[in-house]
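So the chains spell out like this:
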Amino acid sequence: MTAHPPVAAQRGRHRPRRAVTSFAAVAVLVAGAALTGCAQQRDSDVYTVMNSSTDESYHRWDAEAMARCGKQLGIRIEQQSVPAAQVMTKALRMASSKSLPDIVQFDASEMPTFAEAGGLVDLRALGLETDAVPEGIVGFGSYQGTYYGAARSVNTLALFYNKDILDRAGLEAPATWDELRDTAKRLTEGKRYGLALSAGGAEDGVFQFTPFMWSNGGDETELDSPQVVEALDYWKALLQDGSLSKSTVNWTQADVNDQFMAGNAAMMINGPWQVETLNTDESLHWGIAQIPVPQAGDASVGPLGGAVLTVPKTGDEDRERTAGRIVACLAGEKEQLTYALNSWMVPAHEKAAAAWRDRVPELDALADQVAEARSRTGKLGAGWSSASLALQSAFQSALTGQSSEAALKRAQQRATSGNRGTRP
């Protein structure tokens, strides 16, 4: 498959592991510092957006979008890009020194942490409308019913497969767990594994586990439920079949893509941020399908990924209102479509998403997957970080010998302890 251009705000191939920040620590710092107002003297016509667009292409695309919005609003918008894993800590340092930027683009899984502490402005109060945004994506940028983060685009996971390998084997893309297990086993040969996925001890692994957990009826509120145990047992079965590499427990999503491109995996679970890299190899013919489900007819429920634009509370209400206008422009229908066509993400705006489908019909399966996708923080809010850390530990234990039931029982105990004192 060929295509034009690839989230949050960086290509998955160069995407660093994202540290899960302690909610308690952030709450204390944000409540004690960010809410005291901004003492820094600012140029009244210059506004700053902090994001993670350190990749040259993304930085350029964002700069161009900000120039267009700045011209439209009669102001100058400057971009400050830091590595994705450092956005939260950088924002905290700036809150402490009362020098927060006008807009911060957070990974959506991190946004509730600032929102819980009262450090963000309600975007609806700044005039942003959500009528043309699907309910699931509005929830993606919300915390406890308040809309704090506007998504320009979203992403999720899908099953990528090597068309040539499947064609030679006379196989089609699998749609159910049984089909995936059988197909992966039949495609495992020599140094090539049937499937590659990330089960590493970081957010990458949790992101990749959620489709299996959620599609099987489990969720993060009860990590030791039979449904979650069954999902992890399914991963273990793939590993025991030899269809997954033992290195799966160490791989990030970027590592998974490297294995797929090298021909060491016939299929992989990954996201659209890999598309631009995949298309650098013209000899690689790949296709995309929804992630297989436990039984035919089940909904394939994946995680919504990506970043949201937020307006921190700086104590300057006039600047906050203008920052809201900047967010409305960057997250508007026209800019969303441009950004999505560059980055391979799916626009959050319904009309932009429809136009995107027309332009990239080969990614229809991805758009269908987004339609059923969920926010990781939708049920636990800021407490998601504790559940994520607990799951990461469970993967390492279960995939290296411990029973899934024992590993997840311990995970639930850790998550409950970590979430004590936070509000779901």
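Predicted model, so just to flag it, every value in this text is computed and none were measured. (Residues numbered from 1 in each chain as written. Predicted model: local features only at pLDDT ≥ 70, side-chain atom pairs only at ≥ 80, totals over all residues. Heavy atoms only, no water.)

## A short note on a negative patch on the surface
What counts is decided by this rule: Here the term patch refers to residues with relative accessible area over 30% and no salt bridge, with like charges joined within 9 Å and nonpolar side chains (Val, Leu, Ile, Met, Phe, Trp, Tyr) within 5 Å. Only the protein chains shown count as cover for residues, and the accessible areas themselves come from Shrake-Rupley with a 1.4 Å probe. Whenever Lys or Arg places a side-chain nitrogen within 4 Å of a carboxyl oxygen from Asp or Glu, that contact is recorded as a salt bridge. Neither His nor the chain ends is counted toward charge; the positive residues are Lys and Arg and the negative residues Asp and Glu. Charge positions come from single atoms, namely NZ of Lys, CZ of Arg, CG of Asp or CD of Glu. For helices the rule is a DSSP run of H or I covering at least 4 residues; for strands it is a run of E covering at least 2, with both sets numbered from the N terminus onward. For every residue, the accessible area (1.4 Å probe, protein chains only) is compared with the maximum for its type, and the residue is labelled buried under 20%, exposed over 50%, or partly exposed between those bounds.
Negative charge collects at one region of the surface, where Glu-222, Asp-224, Glu-230, Asp-233 and Glu-405 lie side by side. Within the fold, Asp-233 resides in helix α9 (residues 226-241). Take Asp-233: its relative accessible area is 36%, and that puts it in the partly exposed class.

## Let's talk about unusual backbone geometry
The phi angle at Gln-144 is positive, at roughly 50°, despite the residue not being glycine. Structurally, Gln-144 is set in the loop between β4 (142-143) and β5 (146-147). A positive phi is found at Trp-344, a non-glycine position, where the angle reads about 75°. Along the chain, Trp-344 falls in the loop between α13 (333-343) and β13 (346-347). We classify Trp-344 as buried; its relative accessible area is 1%.

## So, the packing of helix α2 (residues 56-73) against α13
The criterion, for reference: Fitted lines through C-alpha atoms serve as axes, helices being fitted only where they are in contact, and the angles separating the N-to-C directions of these axes extend from 0 to 180 degrees. An angle counts as roughly parallel when it lies under 35 degrees, as roughly antiparallel when it exceeds 145, as roughly perpendicular when it falls between 65 and 115, and as oblique in every other case. Every residue pair with non-hydrogen atoms within 4.5 Å of one another is taken to be in contact.
Here α2 crosses α13 at 170°, and the two axes come no closer than 11 Å. The angle between α2 and α13 falls in the class roughly antiparallel. Facing Tyr-58, Trp-61, Asp-62, Ala-65, Arg-68 and Cys-69 of α2, the residues of α13 in contact are Glu-335, Thr-338, Tyr-339, Asn-342 and Ser-343.

## Some details on the state of the cysteines
Note the cut-off: A pair of sulfur atoms, both from cysteines and within 2.5 Å, is called a disulfide here.
A full pass over the atoms with the stated rule returns one disulfide. Through a disulfide, Cys-69 is tied to Cys-329; the S-S separation comes to 2.0 Å. Because the sign of the S-S torsion sets the handedness, a value of about -85° for the bond joining Cys-69 and Cys-329 places this disulfide among the left-handed ones. Taken together, the positions of Cys-69 in helix α2 and Cys-329 in helix α12 (residues 317-330) put the pair 260 residues apart, joining distant regions of the chain. Just as Cys-69 is buried, Cys-329 falls in that class too.

## Structural notes on the nonpolar core
Put simply, the test is: The set of buried Ala, Val, Leu, Ile, Met, Phe, Trp, Tyr and Cys residues whose side-chain atoms join them within 4.5 Å is what this entry labels a nonpolar core.
Core analysis: the largest hydrophobic core is formed by 78 residues, its most contacted members being Phe-106, Phe-160, Trp-286 and Trp-356. In terms of residues, this core owes the most to one element, helix α3 (residues 87-96), which gives six residues. Counting 54 residues, the second largest nonpolar core, distinct from the first, contains Leu-157, Trp-214, Ala-266 and Ala-387.

## What to know about the pattern of salt bridges
Tallied over the full model, the rule gives 14 salt bridges. Here Glu-56 makes a salt bridge to Arg-60, at a shortest N to O gap of 3.2 Å. Taken together, the residues Glu-56 and Arg-60, both in helix α2 and four residues apart, mark about one turn of the helix. Its relative accessible area of 52% is what places Glu-56 among the exposed residues. The class for Arg-60 is partly exposed, based on a relative accessible area of 36%. The shortest N-O distance in the salt bridge between Asp-182 and Arg-186 comes to 3.6 Å. A residue pair is termed a helical-turn pair when its members lie 3 or 4 positions apart in one helix, as Asp-182 and Arg-186 do in helix α7 (residues 177-187) at four residues. Overall, the relative accessible area of 37% leaves Asp-182 in the partly exposed class. Taken together, the shared-partner salt bridges in this structure form one network comprising Asp-107, Glu-203 and Arg-376.

## So, the confidence of the model for the chain
Definition in use: What pLDDT conveys is the predictor's confidence in a given residue, as a value from 0 to 100.
Across the chain, the average pLDDT comes to 88, with 89% of residues at 70 or higher. In this model, residues 1-20 is a region of pLDDT below 50 whose contacts with residues beyond four sequence positions or in other chains number 91 contacts. Confidence drops under a pLDDT of 50 for residues 420-424, and excluding neighbours within four residues, the segment shows nine contacts in the predicted structure.

## Focus: the sheet that holds strand β12 (residues 307-310)
Here is the rule we go by: A pair of strands is treated as paired once DSSP finds two or more bridges between them.
One open sheet holds the five strands; their spatial order is β2-β1-β3-β12-β6, and the pairing between them is mixed. For this open sheet the edge positions go to β2 (76-81) and β6 (150-151), each flanked by a neighbour on one side alone. Judged from the two bridges that link them, strand β1 (residues 46-51) and strand β3 (residues 103-107) form a sheet pairing that is parallel. What sits directly across from Val-49, in β3, is Ile-103. Along the sheet, α2 makes contact with β1 and β2, crossing β2 at roughly 160°.

## A word on the sheet that holds strand β8 (residues 158-162)
Spatially, β9-β10-β8-β11 is the arrangement adopted by the four strands of the open sheet, whose pairing is mixed. Bordering the open sheet on either side are β9 (193-196) and β11 (286-289), each of which pairs with just one other strand. Ignoring strand direction, the axes of neighbouring strands in this sheet form an average angle of 20°. Note that β8 and strand β10 (residues 265-270) share four bridges and pair antiparallel. When the bridges of β10 are listed, Tyr-161 appears paired with Met-267. Across the sheet, helix α10 (residues 253-261) lies against β8, β9, β10 and β11, angled at about 155° from β10, the strand it touches most.

## Focus on the packing of aromatic side chains
Formally: Working definition: a ring pair exists when centres of Phe, Tyr or Trp rings (six-membered ring for Trp) sit within 6.5 Å. Plane angles under 30 degrees give stacked, over 60 give edge-to-face, the rest tilted.
What the rule picks out here adds up to twelve aromatic pairs. Aromatic pair Phe-212 and Trp-235: ring centres 5.8 Å apart, planes at 70°, arrangement edge-to-face. Here Phe-212, found in helix α8 (residues 203-215), pairs with Trp-235, found in helix α9; they are 23 residues apart in sequence, far enough to count as distant. Each member of the pair Phe-212 and Trp-235 is classed as buried. Aromatic rings pair up to connect Trp-177, Phe-209, Phe-212, Tyr-234, Trp-235 and Phe-395 into one cluster.

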